[in-house]
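Listed here are the chains, written in short residue letters.
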Amino acid sequence: MFIIDILIYVFFAWTMSALARQSELNFPDDNHIDKYLKWYIIFFTLITALRYSVGGDYFSYVKILEKGEIVKNRADQEILWNYLVKLNHGLGLKAAFGFGVCAFLQIYFLVKACVNNKYLLVAIPIVMFGSRYYFDMTGAIRQVTAACMFIWFSKYIVERKPVQYFLWVIIASLFHHSALILSVFWFIPSQMCIASKRKLMWLIFIPCFIIGMTPQFSSYINHIQSLVSVTGYDNYSTSITEYLTGGKNEALSFGPIMLSFLLIAIAIIYYGPDLEEKYKDKIPLFSVWYNLSFIFACAYFLVANTGHLFIRPVQYLEFFQMIMAALLLYDLWEQGYDSIKYRNLAIAFIIIIWTSISWDIIKHDGIMNTTTYKSIIFQNL
């Protein structure tokens, strides 16, 4: 059965990639959301809205949306989320409605951010469904909705428009108030790009990885977790932590899933200079996106062994890594038309990416879990 379970995600990725490819071929110079990208958005919204028990906090969100439960101490902060909860409950709708609204916002802002470079939208589904990104989109729903908004309004960092930037930070915080921490990224240098400084990146990334593996560091971090509770992560379940680290408070292990995460980060660092040379002028936001991707890689492996209180804030940056991984995949595949070496590298990179979802499905084969895709349409069956 696990082969069929994996092929479902392969089908999802293929469908969305094919739609983006048609958009690229038929509307190459159109920077608007054309009919193919509209179906791209609709398809993602439908499969995400109609899922069943997919995503670490699925049943918690079902309860919240269908029973109209609002966290009282954040009722005046997360206005947009609370309005959605009240609307969903007030109309007597299934949670699929609320899931669909959030899924639409996630994919819409992602498409808006990349529509000027449609080849990114061709490669993104392959990375999104093959690695952990889709499960974070279906698990940490409120935060990822804010994170996808950030991908789009990060353009104001480059354009140096502070009013628009901080206004969108506030709007994102109305879904999850911890989005206010995005204010600090306004000060990231918008023109400086670290992608060409490979040696410097190794000097930063490797110590972060080693320190993150150190039990003494994890023990120290656990003593200050109470300080992070003010950001709103203290009431989350530990299911996301278990998925990302292999178990709550367990040491970082080099299983297939974690190894896949690591190799994606290493590949983006290794090919950083090539990507900057080819795409810095084609993608105006390349420098900011790459820098944030690198910050995510360092921060994630630094805190991956500490618990979800620290992992969740770092996740605001993970979709920049998804975009950079998609760009690298696209670049290797394009070079593969003229070189067997690069075609093999592209295939190897796809295998590395899809090791994550494949292994997670295999190890839970036959067990009701939050990774295997299931739909509410067939829930009774």
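What counts and what doesn't
- Residues numbered from 1 in each chain as written.
- Predicted model: local features only at pLDDT ≥ 70, side-chain atom pairs only at ≥ 80, totals over all residues.
- Heavy atoms only, no water.
- Helix = DSSP H or I, 4+ residues; strand = E, 2+ residues; numbered from the N terminus.
- Contact = heavy atoms within 4.5 Å.
- Areas by Shrake-Rupley, 256 points an atom, 1.4 Å probe, with all protein chains shown as cover.
- Salt bridge = Lys/Arg side-chain N within 4 Å of Asp/Glu carboxyl O.
- Buried < 20%, exposed > 50% of the residue type's maximum accessible area, 1.4 Å probe, protein only.
- Patch = residues over 30% accessible without salt bridge, like charges linked within 9 Å, V, L, I, M, F, W, Y side chains within 5 Å.
- Core = buried A, V, L, I, M, F, W, Y, C linked by side-chain atoms within 4.5 Å.
- Expected span 1.5 Å × (residues − 1).
- Arc of directions from axis to C-beta.
- Axes fitted to C-alpha atoms, helices over the stretch in contact; angles between N-to-C directions.
- Parallel < 35°, antiparallel > 145°, perpendicular 65-115°, else oblique.
- Left-handed = near helix turned anticlockwise from the far one by under 90°.
- Nonpolar A, V, L, I, M, F, W, Y, C, P; charged D, E, K, R; others polar.
- Phe/Tyr/Trp six-rings, centres within 6.5 Å; stacked < 30°, edge-to-face > 60°.
- Disulfide = S-S within 2.5 Å.
- Polar contact = N/O pair within 3.5 Å; in protein donor to acceptor, adjacent residues only side chain to side chain.

Description of the overall build of the protein
Link 1 in the chain: If you tally the helices and strands in the protein, you get 20 helices and zero strands.
Link 2 in the chain: Considering only residue pairs separated by 6 or more positions, the protein has 77% of its internal contacts joining residues 24 or more positions apart.
Link 3 in the chain: Entry remark: accessible area of the protein is about 16,700 Å², with carbon and sulfur atoms responsible for 65%.

A short note on the pattern of salt bridges
Link 1 in the chain: Applying the stated criterion to the full structure yields seven salt bridges.
Link 2 in the chain: For Glu78, the salt bridge goes to Arg142, with nearest N and O atoms at 2.5 Å. Placement of the pair is Glu78 in the loop between helix H3 (58-67) and helix H4 (79-90) and Arg142 in helix H8 (residues 141-153), with a sequence separation of 64 residues. Considered together, Glu78 and Arg142 belong to a single accessibility category, that of buried residues.
Link 3 in the chain: Glu276 is the partner of Lys280 in a salt bridge, and the nearest nitrogen-oxygen pair spans 3.6 Å.
Link 4 in the chain: The class for Glu276 is buried, based on a relative accessible area of 11%.

Describing a nonpolar patch on the surface
Link 1 in the chain: Residues Ile3, Leu7 and Val10 make up a contiguous nonpolar surface patch of about 260 Å² in total accessible area.
Link 2 in the chain: Examined against the element boundaries, Ile3 turns out to sit in helix H1 (residues 2-26).
Link 3 in the chain: Judged by relative accessible area, which is 52%, Ile3 ranks as exposed.

Regarding the environment of Gln164
Link 1 in the chain: On the secondary structure map, Gln164 appears in helix H10 (residues 162-173).
Link 2 in the chain: Residue classification places Gln164 among the partly exposed positions, given a relative accessible area of 32%.
Link 3 in the chain: When the C-alpha atoms of Gln164 and Phe153 are compared, they prove to be 8.2 Å apart, with 11 residues separating the residues in sequence.

Looking at the nonpolar core
Link 1 in the chain: Of all hydrophobic cores here, the largest spans 129 residues; its most connected members are Tyr9, Ile124, Phe129, Phe153 and Trp289.
Link 2 in the chain: Those residues within four positions of Ile124 in sequence are excluded, and the remaining contacts are Tyr40, Leu110, Cys114, Met322, Ile323 and Ala326.

A look at H4
Since the α-helix packs 3.6 residues into each turn, any two residues three or four apart lie on the same face.
Link 1 in the chain: For H4, with 12 residues, the first-to-last C-alpha span of 16 Å sits near the 16 Å given by 1.5 Å per residue.
Link 2 in the chain: For H4, every residue scored as buried is listed here: Trp81, Asn82, Leu84, Val85 and Asn88. The buried residues of H4 occupy an angular sector of 155° when projected down its axis, which confines them to one face. Exposed residues on H4 whose side chains face more than 90 degrees from its buried face are Tyr83, Lys86 and Gly90.
Link 3 in the chain: Elements in contact with the buried residues of H4: H3, helix H5 (95-114) and H8.

Description of the packing of helix H19 (residues 318-335) against helix H20 (residues 340-363)
Link 1 in the chain: Following both chains from N to C, one finds H19 and H20 inclined at 150°, their axes separated by 7 Å at the closest point. Between H19 and H20, the angle is such that the two are roughly antiparallel. The way H19 lies across H20 gives a crossing that is left-handed. Of H20, the residues touching H19 (which contributes Ala325, Leu328, Leu329, Leu332, Trp333 and Gln335) are Tyr342, Arg343, Leu345, Ala346, Ile347, Phe349 and Ile350.
Link 2 in the chain: Class assignment for the residues of the contact of H19 with H20 results in 11 nonpolar, one polar and one charged.

Here we look at the packing of aromatic side chains
Geometry of an aromatic ring pair is reported as the spacing of the ring centres plus the angle between the planes.
Link 1 in the chain: One pass over the structure, following the stated rule, counts 44 aromatic pairs.
Link 2 in the chain: Their ring planes at 75° and their centres at 5.7 Å tell us that Phe109 and Trp168 sit as a pair that is edge-to-face. In this pair, Phe109 sits in helix H5 while Trp168 sits in helix H10, placing the two residues 59 residues apart along the sequence.
Link 3 in the chain: Between Phe296 and Tyr300, the ring centres sit 5.7 Å apart and the planes meet at 25°, which makes this aromatic pair stacked. Of this pair, Phe296 and Tyr300 both sit in helix H17 (residues 286-303), four residues apart, roughly one helical turn.

Quick look at H1
Link 1 in the chain: For H1, which comprises 25 residues, the first-to-last C-alpha distance of 36 Å matches the rise-based estimate of 36 Å (1.5 Å per residue) to within 8%.
Link 2 in the chain: Where H1 is buried, its residues touch helix H2 (35-49), H5, helix H6 (118-130), helix H7 (133-139) and H20.

A word on unusual backbone geometry
Link 1 in the chain: Residue Ser53 is not a glycine yet carries a positive backbone phi of 55°.
Link 2 in the chain: With respect to the helices and strands, the residue Ser53 is situated in the loop between H2 and H3.
Link 3 in the chain: In this structure Ser53 comes out as buried when scored by relative accessible area, which is 3%.

Looking at the state of the cysteines
Link 1 in the chain: One pass over the structure, following the stated rule, counts zero disulfides.
Link 2 in the chain: Here Cys298 is not disulfide-linked; the sulfur of Cys208 is the nearest cysteine sulfur, at 4.5 Å.

Details of the environment of Ser375
Link 1 in the chain: Relative to the assigned elements, Ser375 resides in the segment after H20.
Link 2 in the chain: Ser375 sits in the buried class, given a relative accessible area of 11%.
Link 3 in the chain: Spatially, the C-alpha atoms of Ser375 and Val54 are 8.8 Å apart, while their sequence positions differ by 321 residues.
Link 4 in the chain: When sequence neighbours within four positions are dropped, the list of residues in contact with Ser375 reads Leu50, Arg51 and Tyr52.
Link 5 in the chain: Here Leu50 takes part through its backbone oxygen, which lies 3.1 Å from a polar atom of the side chain of Ser375.

Here's the deal with the side chain of Lys374
Link 1 in the chain: Within the element layout of this structure, Lys374 appears in the segment after H20.
Link 2 in the chain: A polar side-chain atom of Lys374 sits 3.4 Å from the main-chain carbonyl oxygen of Ser53.
Link 3 in the chain: Only 2.6 Å separates the side chain of Lys374 from the backbone oxygen of Thr372, close enough to count as a polar contact.

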